[in-house]
Amino acid sequence: MEYIVQTENLSKQFGKEQAVSGLDLKIRKGEIYGFLGPNGAGKTTTIRMLLGLMKPTSGKIKIFQKDVTKDRIKILSKIGSLVENPSYYPHLTAYENLEALRKILGVPKSRIDEVLEIVRLTEAANKKVKGFSLGMKQRLGIAASLLHNPELLILDEPTNGLDPSGIIEIRNLIKRLPSEYGMTVVISSHLLSEIDQMATTVGIVSKGKMIFQDSIEAMRMHAQPKVIFKVNNSEQAWRSLVANGIKAECKEGQIVLDECSDEKVAQIVQILVQDGFSVYRVEEEKQSLEDIFLQMTAGVQAI
Ligand SMILES: Nc1ncnc2c1ncn2[C@@H]1O[C@H](COP(=O)(O)OP(=O)(O)OP(=O)(O)O)[C@@H](O)[C@H]1O
């Protein structure tokens, strides 16, 4: 399998603190890789190491199948990135800001119109950046990172601070990049809900360690459905089940079981009816992806 980004045992220590610990990132071409983890998990530190902005304490990084310590300049010339809030000249227009950067990069002038079109800022091209919304500023930042037509785009929390419509704008933009421009995108976030509709693969880090790395579908498979029993007199009904050796919880007037086969459901209903309770409903409740993410990062155990 060819990986665009591959790290081996990547680690970073700050004094006594292990910010990144033995990370094996595997990112394939054309993917939208959601790099997820709570605040302080080590995402920014990892991204900084990928971009050569920080030296790893140990471990290897290969990007485009090449060792970053050997081909640094060549590798970086094919990466676009947005780390932290981009800075602009507020009194200049979007076009003028991009023009200033274009001159440094030495790319053709036509590229400015192309990137403005990609991020849907063509109509705002001649407006001063100081009047831009946060979402527009983020899109301009992405436009700037696309100027040199990179093969790999790395975005560190690009939706941070955006309102829901700003998040949707960024999501729609990122979703188009692999299919329309053949790019591979790495996007970090501390909220799964922000990226679950665009990432094809997720890597979840917690306390510097990778605890899950696979497709979103594979992550959904970890969802354990709960079975909920709605009965009369739930507290007493729950005691009756516990007395019969059934492990269950009584929450908000309902009896909740984490794992429950059909046979067990039948057994529980039988016990409840025998003991004189009325069973109104038996429902299955699927865990949301966000619940799974929170569960994974709370436990900090690899699965
Ligand atoms: N330059 C530094 N010096 C010392 N400690 C640092 C430095 N940079 C990061 N850390 C520490 O390393 C840990 C990981 O931080 P990092 O910023 O990589 O996490 P993160 O997942 O990106 O979180 P956030 O979403 O809050 O940025 C944190 O405990 C942080 O305090």
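Keep in mind the model is a prediction, meaning the values are calculated, not measured. (Residues numbered from 1 in each chain as written. Predicted model: local features only at pLDDT ≥ 70, side-chain atom pairs only at ≥ 80, totals over all residues.)

**Considering the overall build of the protein chain**
Regarding its fold elements, the protein chain presents 11 helices and 15 strands. Compactness check: the protein chain gives a C-alpha radius of gyration of 25 Å against a globular reference of 19 Å for 303 residues, more than 25% above the reference. Across its three principal axes, the protein chain shows a C-alpha extent of roughly 80 × 45 × 35 Å. For the protein chain, the proportion of its 303 residues judged to be buried stands at 35%. (Helix = DSSP H or I, 4+ residues; strand = E, 2+ residues; numbered from the N terminus. Rg over C-alpha atoms; globule rule 2.2 N^0.38 Å. Buried ≥ 20, exposed ≤ 12 C-beta atoms within 10 Å, placed from the backbone.)

**Things to note about the site of the ligand**
The environment of the ligand is made up of Phe14, Glu17, Ala19, Gly37, Asn39, Gly40, Ala41, Gly42, Lys43, Thr44, Thr45 and His190. The element best represented in the shell around the ligand is helix 1 (residues 43-50), accounting for 3 residues. Class assignment for the residues of the shell around the ligand results in 3 nonpolar, 7 polar and 2 charged. (Near = placed C-beta within 6 Å. Nonpolar A, V, L, I, M, F, W, Y, C, P; charged D, E, K, R; others polar.)

**Describing helix 5 (residues 134-146)**
Its 13 residues place the ends of helix 5 18 Å apart at the C-alpha level, agreeing with the 18 Å of an ideal helix rising 1.5 Å per residue. When you tally the buried positions in helix 5, you get 10 out of 13 residues, the bulk of the element. Those residues of helix 5 that sit buried are Lys137, Gln138, Arg139, Leu140, Gly141, Ile142, Ala143, Ala144, Ser145 and Leu146. (Expected span 1.5 Å × (residues − 1).)

**Thoughts on the UniProt feature "domain: ABC transporter" (unreviewed entry) in the protein chain**
According to UniProt, the "domain: ABC transporter" (unreviewed entry) feature falls on residues 5-232. Structurally, residues 5-232 comprises 32% helix and 29% strand, and the distance from its first C-alpha atom to its last is 56 Å. (UniProt positions renumbered as here; feature names shortened; annotations may be inferred.)

**As for helix 1**
Most of helix 1 is tucked away: 7 of the 8 residues are buried. Those residues of helix 1 that sit buried are Lys43, Thr44, Thr45, Thr46, Ile47, Met49 and Leu50. Positive backbone phi, approximately 70°, marks Gly52, located one or two places after helix 1.

**Digging into the sheet that holds strand 10 (residues 201-206)**
Adjacent strands of a sheet form backbone hydrogen bonds with each other and so pair up, either parallel or antiparallel. As summarised here, the arrangement of the 6 strands in space is 7-8-9-4-10-11, forming an open sheet in which the pairing is mixed. On the outer flanks of this sheet lie strand 7 (79-82) and strand 11 (209-215), each paired with one strand and no other. Across the sheet, the mean angle separating the axes of adjacent strands is 15° when strand polarity is ignored. The sheet contact formed by strand 10 and strand 11 spans 6 bridges and is antiparallel. Bridged to Ile204 within strand 11 is Phe212. (Pairing = 2+ DSSP bridges. Axes fitted to C-alpha atoms, helices over the stretch in contact; angles between N-to-C directions.)

**Examining the packing of helix 5 against helix 6 (residues 164-181)**
One can describe the packing of helix 5 onto helix 6 by two numbers: an axis separation of 9 Å at closest approach and a directional angle of 20°. Comparing their axes, helix 6 and helix 5 come out roughly parallel. Helix-helix and strand crossings are classified by hand; for helix 5 and helix 6 the assignment is right-handed. Contacts between helix 5 and helix 6 involve Leu134, Gly135, Gln138, Arg139 and Ile142 from the former and Gly166, Glu169, Ile170 and Leu173 from the latter. In terms of residue class, the contact of helix 5 with helix 6 is made up of 4 nonpolar, 3 polar and 2 charged. (Parallel < 35°, antiparallel > 145°, perpendicular 65-115°, else oblique. Left-handed = near helix turned anticlockwise from the far one by under 90°. Contact = placed C-beta atoms within 7 Å.)

**Some remarks on the environment of Tyr181**
With respect to the helices and strands, Tyr181 occurs in helix 6. Classification of Tyr181 by C-beta neighbours within 10 Å gives partly exposed; the count is 15. As for Tyr181 and Leu162, which are separated by 19 residues in sequence, their C-alpha atoms are 25 Å apart.

**Considerations on the domain arrangement of the protein chain**
Under the domain assignment used here, the protein chain contains domain 1 (3-78 + 150-220) and domain 2 (226-286). The gap between the C-alpha centroids of domain 1 and domain 2 is 43 Å. (Domains from an automatic or database assignment.)

**Quick look at the confidence of the model for the protein chain**
Mean pLDDT over the protein chain stands at 91; residues scoring 70 or higher make up 98%. Two summary scores accompany this predicted model of the complex, namely pTM at 0.81 and ipTM at 0.94. (pLDDT = per-residue confidence, 0-100.)

**Examining the nonpolar core**
Ranked by internal contacts, the top residues of the largest apolar core, which has 61 residues, are Ala143, Ile154, Val185, Val186 and Ile187. Of all the elements, helix 5 adds the most residues to this core, at 5 residues. Ala237, Trp238, Ile268 and Phe277 belong to the second largest nonpolar core, which has 9 residues in total. (Core = buried A, V, L, I, M, F, W, Y, C linked by C-beta atoms within 7 Å.)

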